[in-house]
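The residues making up each chain are set out below.
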Amino acid sequence: MSGIAHDGVAERKAALALLFDRSAPDYERVGVEHFNDLGRRLVGRAKVTAGQRVLDVGCGTGAVLVPAARAAGPDGEVIGVDLSGGMVARAQEEAALQGLRQARAVVGDAESVVLDGVPTAPGSFDTVLAGISLFFFPRPEVAAARYRELLKPGGQFAVSWWGRPDPRWDPVFAASAPYGRGPSSHTLPEESPFRSVDAFHTMLNEAGFAEAETVEEDCVTHFADPEQWWRWVWSTAGRQFWETVPDDKREEAVGAVYAVLDTLKAPDGSLTSTSKVRFTVAKRY
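On a predicted model such as this, the values are computed, not experimentally measured, just so you know.

Undergrad: Outline the nonpolar core, listing residues and values.
TA: Of all hydrophobic cores here, the largest spans 59 residues; its most connected members are Leu129, Trp169, Val172, Trp229, Trp232, Trp242 and Leu261. Among the elements that take part in this core, helix α11 (residues 247–264) stands out by supplying 7 residues, more than any other. Membership of the second largest hydrophobic core comes to 30 residues, among which are Val81, Ala110, Ala143 and Phe194.

Undergrad: Before we move on, can you summarise the packing of aromatic side chains with the specific residues and values?
TA: Inspection of the entire model under this criterion finds 16 aromatic pairs. Ring centres of Phe135 and Phe136 lie 4.7 Å apart, and the angle between their planes is 35 degrees; this geometry places the pair in the tilted category. Assessed through its relative accessible area of 22%, Phe135 is described here as partly exposed. According to the relative accessible area criterion, Phe136 is partly exposed, its value standing at 23%. Considering the side-chain rings of Trp230 and Trp234, the 5.9 Å spacing of their centres and the 75 degrees angle between planes classify their relative orientation as edge-to-face. Of this pair, Trp230 and Trp234 both sit in helix α9 (residues 226–234), 4 residues apart, which is roughly one turn of the helix. Members of the aromatic cluster, joined through ring pairs, are Trp169, Phe223, Trp229, Trp230, Trp232, Trp234, Phe241 and Trp242. Note that Arg53 overlies the ring of Phe125, its terminal NZ or CZ placed 4.2 Å from the centroid.

Undergrad: Can you explain the packing of helix α3 (residues 35–46) against helix α4 (residues 65–72)? Please cite residues and give values.
TA: Packing of α3 against α4 brings their axes to within 8 Å, and their N-to-C directions diverge by 35 degrees. Our pair here, α3 against α4, has a crossing hand that is right-handed. Contacts between α3 and α4 involve Gly39, Arg40 and Val43 from the former and Pro67, Ala68 and Ala71 from the latter. A per-class count over the contact of α3 with α4 returns 4 nonpolar, 1 polar and 1 charged.

Undergrad: Let's hear about α3: which residues, and what values?
TA: When the terminal C-alpha atoms of α3 are compared, their 16 Å separation across 12 residues agrees well with the 16 Å that a helix rising 1.5 Å per residue should span. Tucked into the core, α3 has its buried residues touching α4, β4 (125–131), β5 (151–162), β6 (209–223), α9 and β7 (271–284).

Scoring rules and cut-offs
Residues numbered from 1 in each chain as written. Predicted model: local features only at pLDDT ≥ 70, side-chain atom pairs only at ≥ 80, totals over all residues. Heavy atoms only, no water. Core = buried A, V, L, I, M, F, W, Y, C linked by side-chain atoms within 4.5 Å. Buried < 20%, exposed > 50% of the residue type's maximum accessible area, 1.4 Å probe, protein only. Helix = DSSP H or I, 4+ residues; strand = E, 2+ residues; numbered from the N terminus. Phe/Tyr/Trp six-rings, centres within 6.5 Å; stacked < 30°, edge-to-face > 60°. Lys NZ or Arg CZ within 6 Å of the ring centre and 35° of its normal. Axes fitted to C-alpha atoms, helices over the stretch in contact; angles between N-to-C directions. Left-handed = near helix turned anticlockwise from the far one by under 90°. Contact = heavy atoms within 4.5 Å. Nonpolar A, V, L, I, M, F, W, Y, C, P; charged D, E, K, R; others polar. Expected span 1.5 Å × (residues − 1).

Here you go:
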């Protein structure tokens, strides 16, 4: 992988691994149903069937790995790969808890998928899944080309990724923006293939995939109150922004955000966010 040191790819991947290591202990454990629901929906869209060999890239804590393993059944095999050792440990724990011997997760680079002790010969997978992960990769086009190589002819690449966030929450992010120095997960670079469906389909076509189709659905997330939302943010990659807020500005920043959240609360004090999630399935010929 020439040029990594020059363009900072290795550094970005190392930072991502550490970010998700910090999130791993609380990820999907603060009482908010979010990523697990999206994982089940992606597996359904991909139509994983019994006996398939499946690769789950950016597997996290197993939101896709577990339902994929259930769909593949005991005669199938599902391998998850993630840069974060903390997330992989959680995924392994969940697979064991569910008795899914056909599932395993390993620490590795989900972009290159060169893994010790894991067979990754060309054409060795029926399906590759990427659940709410591919847009984190420094070079998604490189990853997509690699997945095409790993898929059997006729195999499918299924991806979930974000569409438009709930516009009612725009003032929330605007209120926090002046306080942080880091990136926001709600903004994308101009050159990102995830800025539109057409751009993403173009990237897949250039990687050698065909018949890409995308459907957009609602992702409805409920929070009991602003405090639960705050705990949830810190359990996800959203903490990356808040970690850049100076300590002496944290209370002021949180106050500014909570003031906006107060305008969004239902009569019972709860909050609801309805964002768009996209599911894209493409074929390898």
